[in-house]
Amino acid sequence: MRVETSGADHPLPHPRCFRNRNGTTAVGTHVSRTRTSTRPARSESATGVLFGIGAYGLWGLLPVYFLILLPATAVEIVANRVLWSLIFCALLLTVLRSWTTVRTAFTTPRVLGTLTVAALLIAVNWLVYTYGVTNGHAIEASLGYFINPIVSVLLGVLVLREKLRPLQWAAVGMGLVAVVVLAIGYGNVPWIALALAFSFGFYGFVKKRVGPSVDAVTSLSIETAVLTPIAAAVMIWLALSGGATLTTEGPGHFWIMAASGIITAVPLIFFGAAARRLPLTTIGMLQYLAPVLQFILALTVFREEMPLERWIGFGLVWIGLALLTVDMIRTVRKNARPRKSGQQQQPASV
């Protein structure tokens, strides 16, 4: 007889006989699966949290990297990010021996078409975000990722015709009021924040259509491959016009720019590892780490102003996010109750 523990089978000394801690033998003892798998599950969750903190922490610290790359423009930074990401992904695919997955995706029209749209959306997102950070709008850029969950809910209504729950409606309402307040505070519509939120919201929507058939490294490889001709053309144009800084600011600047491939790919790999180990509620809580870090950096490192009307607008957004988080936790717990009751009705087998 064998007992399943965290996916591994362990032989027992005698059928239906189990050795207790005190050395005696118990006959006919039933072992609970949940008890034997508690420690490995807890370890997996802890590992997932560390990966999640690593992913969102690196994304949150990205503005510092862009600051180091000055005087490079947003266009040059994004073009280099695409090219060096493709090179890093090619090396990674070679090490992991995953070229077959990439070839399969490239030869599947639906997958290739979907990832092409995703590539264009993420290029817009990268360009707008880099422009915002390097031109004194880091606070507004962080706002874009704060309101992104609210925009995603709104897209569910507009695109997927989903029905919202009361707390979701309240969060969307808070988001709309916040945009109005911030527009008054900024003197114009916060287009950087809205462009970031909607581009990343649509990006997530498009990526869901691909599903789990394409992993993070394969997806990034194809997306950067699609953008490479455009990025290469931009680099050639910058070099001919004298606007490129890649080879004119010294070897340190060159290698820091070349590191954009690693800086782009590593958080995605961490995120993929976290998503496989953590429930949706935990991922949803961790995602706020990135804009929080971006917001703190904008205040302390970039020294951007934060007048009262912006605090009010951000406060409304944070209230909306709190409502979304409460709604998400309630929904997950509600859906988990029938599963738990169903599992309790089935006795654990040995």
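Residues numbered from 1 in each chain as written. Predicted model: local features only at pLDDT ≥ 70, side-chain atom pairs only at ≥ 80, totals over all residues. Heavy atoms only, no water.

Observations regarding a nonpolar patch on the surface
At step 1: On the surface, a cluster of nonpolar side chains totalling about 340 Å² of accessible area is made up of Leu 158, Val 159, Leu 160 and Phe 202.
At step 2: Overall, the relative accessible area of 37% leaves Val 159 in the partly exposed class. (Patch = residues over 30% accessible without salt bridge, like charges linked within 9 Å, V, L, I, M, F, W, Y side chains within 5 Å. Areas by Shrake-Rupley, 256 points an atom, 1.4 Å probe, with all protein chains shown as cover. Salt bridge = Lys/Arg side-chain N within 4 Å of Asp/Glu carboxyl O. Buried < 20%, exposed > 50% of the residue type's maximum accessible area, 1.4 Å probe, protein only.)

Digging into the nonpolar core
Within soluble globular proteins, side chains that are nonpolar generally end up buried alongside one another.
At step 1: Phe 66, Tyr 129 and Leu 196 are the most contacted members of the largest nonpolar core, which has 48 residues in total.
At step 2: Elements with a contribution of two residues or more to this core: α3 (62-68), α4 (74-96), α5 (99-106), α6 (109-134), α7 (138-146), α10 (191-210), α11 (216-241) and α12 (251-258).
At step 3: Examining the composition of this core, we find that 10 residues originate from one element, α6, more than from any other.
At step 4: Leaving out residues up to four positions away in the same chain, Phe 66 has contacts with Ile 77, Arg 81, Tyr 129, Thr 130, Val 133 and Thr 134.
At step 5: In this structure, Ile 139, Leu 143, Val 151 and Val 181 belong to the second largest nonpolar core, which totals 28 residues. (Core = buried A, V, L, I, M, F, W, Y, C linked by side-chain atoms within 4.5 Å. Helix = DSSP H or I, 4+ residues; strand = E, 2+ residues; numbered from the N terminus. Contact = heavy atoms within 4.5 Å.)

Quick word on the pattern of salt bridges
Once the charged atoms of two side chains with opposite charge are near each other, the side chains can pair.
At step 1: One pass over the structure, following the stated rule, counts two salt bridges.
At step 2: Between Arg 165 and Asp 327 there is a salt bridge, with the nearest N and O atoms lying 2.7 Å from each other. With a gap of 162 residues between them, Arg 165 in the loop between α8 (148-158) and α9 (166-186) and Asp 327 in helix α16 (residues 308-344) connect regions that are remote in the sequence.
At step 3: Ionic pairing is found between Glu 223 and Lys 207, a salt bridge with its closest N-O pair at 3.3 Å. Placement of the pair is Glu 223 in helix α11 and Lys 207 in helix α10, with a sequence separation of 16 residues.
At step 4: When its relative accessible area of 24% is taken as the criterion, Lys 207 is described as partly exposed.

So, the environment of Lys 207
At step 1: It is 7.3 Å that separates the C-alpha atoms of Lys 207 and Leu 115, two residues lying 92 residues apart in sequence.
At step 2: Setting aside its immediate chain neighbours within four residues, Lys 207 contacts Leu 115, Ala 118, Ser 219 and Glu 223.
At step 3: Polar contacts involving the side chain of Lys 207 include one to the side chain of Glu 223, which spans 3.3 Å. (Polar contact = N/O pair within 3.5 Å; in protein donor to acceptor, adjacent residues only side chain to side chain.)

Re the packing of α4 against α6
At step 1: Viewed as axis vectors pointing N to C, α4 and α6 meet at an angle of 135°, and their least axial separation amounts to 9 Å. Viewed along their axes, α4 and α6 adopt a mutual orientation that is oblique. Here α4 and α6 pass one another in a crossing that is right-handed. On α6, the residues touching Ala 74, Val 75, Ile 77, Val 78, Arg 81 and Val 82 of α4 are Trp 126, Leu 127, Thr 130, Tyr 131 and Thr 134.
At step 2: For the contact of α4 with α6, the class distribution of residues is eight nonpolar, two polar and one charged. (Axes fitted to C-alpha atoms, helices over the stretch in contact; angles between N-to-C directions. Parallel < 35°, antiparallel > 145°, perpendicular 65-115°, else oblique. Left-handed = near helix turned anticlockwise from the far one by under 90°. Nonpolar A, V, L, I, M, F, W, Y, C, P; charged D, E, K, R; others polar.)

A closer look at the packing of aromatic side chains
At step 1: Considering all chains together, one arrives at 19 aromatic pairs under this definition.
At step 2: Ring plane angle 50° and centroid distance 6.1 Å describe the contact between Trp 59 and Phe 271, whose orientation is recorded as tilted. One end of the pair, Trp 59, is in helix α2 (residues 38-60); the other, Phe 271, is in helix α13 (residues 260-277), with 212 residues separating them in the sequence.
At step 3: Judged by relative accessible area, which is 28%, Phe 271 ranks as partly exposed.
At step 4: By the ring-pair criterion, three or more aromatic residues cluster together here, those being Tyr 65, Phe 66, Tyr 129, Tyr 145, Phe 200 and Tyr 203.
At step 5: The ring centre of Trp 126 lies 4.1 Å from the NZ or CZ of Arg 81, which sits over that ring. (Phe/Tyr/Trp six-rings, centres within 6.5 Å; stacked < 30°, edge-to-face > 60°. Lys NZ or Arg CZ within 6 Å of the ring centre and 35° of its normal.)

What to know about unusual backbone geometry
At step 1: In the segment running from Leu 70 into Pro 71, the intervening peptide bond is cis, with an omega of 20°.
At step 2: Turning to its location among the elements, Pro 71 is positioned in the loop between α3 and α4.
At step 3: In the Ramachandran plot, Arg 97 falls in the positive-phi region, its phi being about 55° despite a non-glycine side chain.
At step 4: Locating Arg 97 in the fold gives a position in the loop between α4 and α5.
At step 5: The residue Arg 303 is not glycine, and still its phi comes out positive at about 55°.
At step 6: Mapped onto the elements, Arg 303 comes out in the loop between α15 (289-300) and α16.

On their own, these measurements won't tell you what the molecule is for.
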